[in-house]
Each structure stands twice: as C-alpha cells, then as structure tokens.
Amino acid sequence: MLDRVKDLHQEIEHYVINSPEQLEQFRMRFISRKGVITELFEGLKHVPQADRRAVGQELNGLKNFAQERFESFSQLVDEQQAASKSVAPVDLTLPSIPNLTGTQHPLTLVRQRIIQIFERIGFNVADGPEIESDWYNFGALNFPDNHPARDMQDTFFVEKASADTDVSSDMLLRTHTSNVQIRLMERQKPPIRSIMPGRVYRNETISARAHCMFHQVEGIYIDRNVGFKDLKDTLYHFVKEMFEPGTLIRFRPSYFPFTEPSAEIDISCQICGGKGCNICKHSGWVEIAGSGMVDPQVIANCGIDPEEYTGFAFGMGIERITQLKYVVNDLRLYTENDVRFLRQFEGL
Ligand code: DAH
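This text gives an overview of the structure that appears in the document. (Residues numbered from 1 in each chain as written. Predicted model: local features only at pLDDT ≥ 70, side-chain atom pairs only at ≥ 80, totals over all residues. Heavy atoms only, no water.)

Here we look at the sheet that holds strand β3 (residues 157-158)
- Across the sheet, 3 strands lie side by side as β2-β4-β3; this open sheet has antiparallel pairing. Both edges of this open sheet fall to β2 (131-133) and β3, since each of them pairs with a single strand only.
- Pairing of β2 with strand β4 (residues 171-173), which is carried by 3 bridges, proceeds in the antiparallel orientation. Opposite Ile131, over in β4, you have Leu173 as the bridge partner. (Pairing = 2+ DSSP bridges. Helix = DSSP H or I, 4+ residues; strand = E, 2+ residues; numbered from the N terminus.)

Quick notes on the layout of surface pockets
- Estimated volume of the second largest pocket: approximately 210 Å³.
- If you go around the second largest pocket, you meet 14 residues; those closest to its centre are His105, Leu107, Arg199, His215 and Glu319.
- The set of elements that each furnish at least two residues to the lining of the second largest pocket consists of α5 (106-120), β6 (213-223), α10 (318-326) and α11 (333-336).
- Broken down by class, the residue content of the lining of the second largest pocket amounts to 6 nonpolar, 5 polar and 3 charged. (1 Å grid on protein atoms, 1.4 Å probe; cavity = no way out; pocket = protein on both sides within 12 Å on 5 of 7 lines; lining within 4 Å. Points joined across faces, edges and corners; volume = space filled by probe spheres on them. Nonpolar A, V, L, I, M, F, W, Y, C, P; charged D, E, K, R; others polar.)

Brief notes about the state of the cysteines
- For the structure shown, the criterion picks out 0 disulfides.
- With no disulfide of its own, Cys272 has Cys269 as its nearest cysteine by sulfur position, at a separation of 3.7 Å.
- The buried category is assigned to Cys272, whose relative accessible area is 15%.
- Not engaged in a disulfide, the cysteine Cys277 finds its nearest cysteine sulfur in Cys272; these two sulfurs lie 3.7 Å apart. (Disulfide = S-S within 2.5 Å. Buried < 20%, exposed > 50% of the residue type's maximum accessible area, 1.4 Å probe, protein only.)

Quick look at the sheet that holds strand β9 (residues 285-294)
- With respect to topology, 7 strands assemble into an open sheet ordered β1-β5-β6-β10-β9-β8-β7, the strand pairing being mixed. The open sheet is flanked by β1 (124-125) and β7 (249-256), the only strands paired with a single partner.
- Both β9 and strand β10 (residues 310-317) contribute to a ladder of 5 bridges, which runs antiparallel. Within β10, the position partnered with Gly290 by the bridge is Gly315.
- On the sheet, helix α7 (residues 179-187) packs against β5 (192-201), β6, β9 and β10 and is oriented at approximately 140° with respect to β5.
- The sheet contacts of helix α8 (residues 228-242) involve β7, β8 (259-268), β9 and β10, and relative to β7 the element is tilted by about 125°. (Contact = heavy atoms within 4.5 Å. Axes fitted to C-alpha atoms, helices over the stretch in contact; angles between N-to-C directions.)

Brief notes about the packing of helix α2 (residues 20-31) against helix α4 (residues 49-86)
- Between α2 and α4, whose axes approach to 10 Å, the crossing angle comes to 170°. If you check the angle between α2 and α4, you find them roughly antiparallel. Viewed along their axes, α2 and α4 form a crossing whose handedness is left-handed. When α2 is examined against α4, the residues Pro20, Leu23, Phe26, Arg27, Phe30 and Ile31 are found in contact with a partner set consisting of Ala66, Gln67, Arg69, Phe70, Phe73, Ser74, Val77 and Gln81. (Parallel < 35°, antiparallel > 145°, perpendicular 65-115°, else oblique. Left-handed = near helix turned anticlockwise from the far one by under 90°.)

So, the site of the ligand
- As a structural note, the neighbourhood of the ligand is formed by 15 residues, with His176, Gln181, Arg202, Gln216 and Glu218 the closest of them.
- Between an oxygen atom of the ligand and a side-chain N or O atom of Glu218, the distance comes to 2.5 Å.
- Taking Ala313, its main chain carries an N or O atom lying 3.1 Å from an oxygen atom of the ligand.
- Here the ligand loses 88% of its free accessible area of 360 Å² to cover by the protein chains.
- Where the shell around the ligand is concerned, the elements lending two or more residues are β6, β9 and β10.
- Looking at the shell around the ligand residue by residue, the class counts come to 4 nonpolar, 9 polar and 2 charged. (Near = heavy atom within 4 Å. Polar contact = N/O pair within 3.5 Å; in protein donor to acceptor, adjacent residues only side chain to side chain. Areas by Shrake-Rupley, 256 points an atom, 1.4 Å probe, with all protein chains shown as cover.)

Right, dumping it as structure tokens:
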C-alpha cells in the first residue's frame, strides 16, 4: 500500500497540464470520488490494525498533495485561457484591410459633366415623365400615325389598370426625351433654354450594342431670332468642352419629324483619332446627337406663335458619349453592377 502511495505521489509531481481537458483528466484520476485515492482509502480496512494509522496518515498526505496541485493547475489553466482571449496576435507587417470607397457610376459622371457644360452657357435643367401619352411622345412632335416608331416592335405600350378601358392604351414608356420639349413649351413662355436628361425605353433585345433602357439628354432653345448658327455654336462649344482637344465636328443633313432642317452631329472617332476602327466602322466619324430647327408646326402645337419665335433642339445618348469618352464597348456593362468595371471610375 505504501509503495502505491509513493508511486502516485511521484505521478502527481511529474504531471503536466496545458489545457482544461487535461485538468479534468487530473481531477477524475486523483480528486473525484471514483479516483484512485478514494479507492485507496476504501482499501484501508484491509490494512492490519497496527499499521492502519501510519498508512492513513500517508494517504491523507497524498490526498492533500493532489488537492494542492489541482488548485494550482486550475489557476494556471484559467490564466492561460484569459491570456488567449484578451490578446489577439497582431501582425503589424500585414497590409491593412482596404477601405473601399464608393464611386459614381460612369453614366452619372457623364450626365453631370453634360449638365455642367450647358449650365455655364445659360441652360437650366428640366424633367418630365417616363410614362407618357402618345401625344407627347409622338403626336405633338409631328410623327404621322403610321410612323414605324409607333409600332409595338419599337415601343413599350402600358396597359391601363382599369378593367373597362380597352387594351389598346395610348400610354407608353417614352422612347426619347423629346416629350419634355413639348411639356416645357406648353407651360413656359419663351425664352426657353433647357436641357432635359432622362431615361428612355425601346423594345430592343439586350446585346452589346442595344438595350431596352438607356439615357438621353435633350436640349431646347426657343426665343426670338434663334437661328441655325446658334445651334452650331452651342454644339461646337459642347464638343470642345466634352472631348479631347482637336476633336473634329461635322453636321450631316438628316431627317426628324419634329425639326426642319435637321442634322446629325458626328465627331472624329475618339478611339482611333479618325483613322478608322471597329467603333467608327472604319469611317473615322461617330454620331453623337440628332438636332435641328424646331418645326414651326411643333411650336404651334404647344401654343407658341411660330411667326414670332424660333428655336433649335438636340438630343444625345449618354451611353454613347460615355462609350467614346471611356471606351466602353458593351452596353450591358452599365447595368450589370460588376465592381471590376465600376471601380475603374474611382476618383473621376
Ligand atoms: N429624339 C431623337 C432620338 O431619340 C433625338 C433628337 C433628334 C432630339 C433631333 C432632338 C432633335 O431634339 O432636334 O433619336
């Protein structure tokens, strides 16, 4: 019995504890009621009477020793636990976590730049509805009834919610921002000098070159004695401010139902500098806007006397200008919210 006590004493002495699990193993073996020391106490009754007292003392000594070690081990484990929680290891050589800043969408950047350029020369910003009637989108702008743009193929029509109206509603998603020209001229007396940025919709299959939703900026200037020269001056100024120095501009005769005469505005290709590339279809020129002198009939449709007042208008696509300025070759990039694309406009 005494040998066994000695062995256990040594075992306790050499015991090493590094974790709460090991502490628990120690407790089970030496402290608990099912442990070895309790077992030895139970065996005491088989020890001859004469030795019992001395062996009992040895056993008590062992029990106290185990208890003492258990307490100091517990303290150690507690300290280790606390230390591992409070001081997370910090590696000061690691790169910092990047602080990502939001960016403005490229279309927002370009729209703001366009507004800034025109505001400086006296244009204000106007707004109009995206859900529009046939009259404001087409009729008042001199589109004949059978004009192909009025076809379901090109235009999204909106059904009225009420059950008793027939399905062929004359409400639609505007196909251009020219509707705001009409609304402005109806409610405002000349001089009118406004630009109208906004979203427009066309029934197109989404691809790299077409989208069912895009953005335009419309411009209009109505006053006494406004002539074609004013249109040219204004758009020359815009191109000079918006694009690289040395960009060429040309007016190409065209046709729109609501302007007479009409012109499309081309600039020398920003991508190849006019040498010819895929973007300009190897012509060296890219179209950026439609324009013209507002048709007297359109002015009269809005209750303004076309004998007294004349004016010009223009409309351009914001996606197109952005494509030329930042070389964006796929229209779908604008709406996909891919941060690898958006991040490229950080800080602009
Ligand atoms: N609304 C035309 C379009 O969407 C663009 C346009 C052309 C607007 C000539 C104008 C204009 O104001 O005068 O293609």
